[in-house]
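Each chain, written out:
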Amino acid sequence: MMSRFDTYFLMKADDTAQYVKEKGYMRTDAALAAKEIGDGNLNYVFRVADTKTGESLIVKQAGEALRISADMRVSTDRNRIESEILALQGEYAPGLVPQIFGYDTVMCACVMEDLSDHELMRHALMKHKMFPRFADDITTYMVHTLLKTTDIAMEHKAKKALVKRFINPELCEITEDLVLTEPYNDINKRNLVFPPNAAFVQKELYDDHALHLAVAKLKFTFMNSAQALIHGDLHTGSIFVREDSTRVFDPEFAFYGPIGYDTGNVIANLIFAWDNGVAYGAAAFCDWVLKTIEETIDLFCAKFLKAYDQCVTEPMAKAEGFRERYLASILADTASYAGTELIRRTVGMAQVKDVTSIAEEAKRVYAERVNILCAKDYILHADKYSKGADFVAAVRRAADAASVPERGGRP
Ligand code: SR1
Ligand code: MG
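Structure report, in brief.

Rules behind the numbers
- Note on numbering: residues in each chain are counted from 1, in written sequence order.
- Note on labels: chains are lettered from A, ligands numbered from 1, in written order.
- Two thresholds apply to this predicted model, a pLDDT of at least 70 for residue-level local features and 80 or more for giving and counting side-chain atom pairs, whereas whole-chain, interface and lining totals are computed over all residues.
- As a convention, hydrogens and water are excluded, and side-chain values are obtained from all of the structure's heavy atoms.
- Axis lines are fitted through C-alpha atoms, for helices just across the contact stretch, and the angle between N-to-C directions can take any value from 0 to 180 degrees.
- Comment: elements are numbered from the N terminus, with helices defined as DSSP H or I runs of at least four residues and strands as E runs of at least two.
- Definitions for this section: a left-handed crossing has its near helix turned counterclockwise from the far helix by less than a right angle. A right-handed crossing has that turn clockwise.
- We call two residues contacting when some pair of their heavy atoms lies within 4.5 Å.
- Three classes are used: nonpolar for Ala, Val, Leu, Ile, Met, Phe, Trp, Tyr, Cys and Pro, charged for Asp, Glu, Lys and Arg, and polar for all others, with Gly counted as polar.
- Using a 1 Å grid laid over the protein atoms alone, points where a 1.4 Å probe fits but cannot get out form a cavity; open sets with protein on both sides within 12 Å along at least 5 of 7 lines form a pocket; any residue with an atom within 4 Å of a point counts as lining.
- Grid points are joined across faces, edges and corners, and a volume is the space filled by probe spheres set on the points.
- Pairing between strands requires that DSSP locate at least two bridges from one strand to the other.
- Centres within 6.5 Å make a pair out of two Phe, Tyr or Trp rings, where for Trp the six-membered ring is used; the pair is then stacked when the planes are under 30 degrees apart, edge-to-face when over 60, and tilted otherwise.
- The buried label goes to any residue with under 20% of its type's maximum accessible area, the exposed label to any with over 50%, and the partly exposed label to all in between, with areas taken from a 1.4 Å probe on protein chains only.

## Quick look at the packing of helix H8 (residues 209-224) against helix H13 (residues 361-380)
Part 1 of the argument: Relative orientation of the contacting elements H8 and H13 amounts to 65 degrees, with a least axis distance of 10 Å. For H8 against H13, the interelement crossing comes out left-handed. Contacts between H8 and H13 involve Ala210, Leu211, Ala214, Val215 and Leu218 on the former and, on the latter, Lys376, Ile379 and Leu380.
Part 2 of the argument: Taken together, the residues of the contact of H8 with H13 break down into 7 nonpolar, no polar and 1 charged.

Structure follows, in structure tokens:
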């Protein structure tokens, strides 16, 4: 039987209600209400609920043009990558990702578990809510999804088959441009520099050649280090939280890349939450964020070393001392990519509301300078970061340095 869903088109909310019935996800006599709830940069996300039973699910569809810019077009295959990865990650890290019910290659849409009883972590953090189990959950997720997809643990041909299956050139190109190039030269004239910080950005980012050299190396590591199947965009807008639950979603940027790209993104996005807490005087929240940064690094290391011993299959990776060296290089990458995320969200095209919503000009100026100074410390001294306290100390150093009048001036 012919169906209007046999040919791709961009769905509106009402279309998704019909879609879930026709595809058998909901009963045909269900009284459905559908609403677009997405606020990401790329896709359309709809919540479809049965008003009688309360049953609900999410339909996520990839548009041919990106939401953030009609000029940017990226293959709708990203939705397949996301669905397949979530299914895989559900096996590696059960209970820490949403359940996928199905993926449709024609409509480029996936249907998944509704997590409306959770809150988007970025939104919750902007209300200065605290999540005591976050560090534990996110480190379990990262250790299991990352370490278990490396050559440490996987048979090497099986691993290479995953590298091939999850090759993701178009989404990687976005990262290569927006994260690892443009923030240092505005080569595509898309940066969004807060005008009161223009001179600071010129000096600290555009004119710093030592920084350019370090980031050039990081760009090549990002493009050439097929270390693990990474999420690729692990910021707090890709995480749902509830007091007793953490779920990581939206892995459409996933590919085989450096582990430190994921771990670094988590650290940087916690710092954005801290920026917001400082601007609005939320002292207890800021202390919790710094404690969470420290715990995230330290728990990651402890769980990583333990899991390494349990899942190592590669004989040479059992050589004495290799495990520690491998982890040390992940920590250096973590510091480096936390740095590139801090910088790109501060001056690049895709920014974060934690910082852009800071209403008072002087406070936003200060927050941005803290981000940039902390980022440079992370990138230029990446080898010095071996434990959680080191990452927190850099935030404190940057906060002090940004208080010096010629570097910023405390609000
Ligand atoms: C053009 S997409 C901009 C950003 O949104 C995504 O969430 C990624 O972070 C990307 O860099
Ligand atoms: Mg996203």
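Still more ground to cover, so stick around.
## Things to note about empty space enclosed by the protein
Part 1 of the argument: Scanning all chains against the criterion turns up 1 cavity of 30 Å³ or more.
Part 2 of the argument: Approximately 40 Å³ is the volume attributed to the largest cavity.
Part 3 of the argument: Where the lining of the largest cavity is concerned, the elements lending two or more residues are helix H9 (259-279), helix H10 (283-311) and helix H11 (322-347).
Part 4 of the argument: Counting residues per element, the lining of the largest cavity draws most heavily on H10, at 3 residues.

## What to know about the sheet that holds strand S6 (residues 119-120)
As a general point, the strands of a sheet are linked pairwise by backbone hydrogen bonds and lie either parallel or antiparallel.
Part 1 of the argument: If you walk across this open sheet you meet the 3 strands as S6-S8-S9, and the pairing is antiparallel. In this open sheet, the two strands that pair with only one neighbour each are S6 and strand S9 (245-248).
Part 2 of the argument: Taken together, the 2 bridges between S6 and strand S8 (residues 239-242) define a ladder with antiparallel strand orientation. Looking at S8, one finds that leucine 120 is bridged to phenylalanine 240.
Part 3 of the argument: Of the strands in this sheet, S8 and S9 touch helix H4 (residues 134-147), which is tilted by about 35 degrees from S9.

## Quick word on unusual backbone geometry
Part 1 of the argument: Phi is positive for histidine 128, which is not a glycine, with a value near 65 degrees.
Part 2 of the argument: Located in the positive-phi region is aspartate 250, a residue other than glycine, with phi close to 65 degrees.
Part 3 of the argument: Within the element layout of this structure, aspartate 250 appears in the loop between S9 and strand S10 (255-257).

## Points about the packing of aromatic side chains
Part 1 of the argument: Following the criterion strictly, the structure yields 15 aromatic pairs and no others.
Part 2 of the argument: A ring pair is formed by phenylalanine 222 and phenylalanine 255, whose centres lie 4.9 Å apart and whose planes are at 55 degrees; its orientation type is tilted. Placement of phenylalanine 222 in helix H8 and of phenylalanine 255 in strand S10 is noted, with a sequence separation of 33 residues between them. Taken individually, phenylalanine 222 and phenylalanine 255 each receive the classification buried, so the pair is uniform in this respect.
Part 3 of the argument: Geometrically, the ring pair formed by tyrosine 385 and phenylalanine 391 is tilted, given 5.1 Å between the ring centres and 55 degrees between the ring planes.
Part 4 of the argument: For tyrosine 385, a relative accessible area of 4% corresponds to the buried category.
Part 5 of the argument: By the ring-pair criterion, three or more aromatic residues cluster together here, those being Phe300, Phe304, Tyr308, Phe322 and Tyr326.

Taken by themselves, the reported measurements are silent on function.
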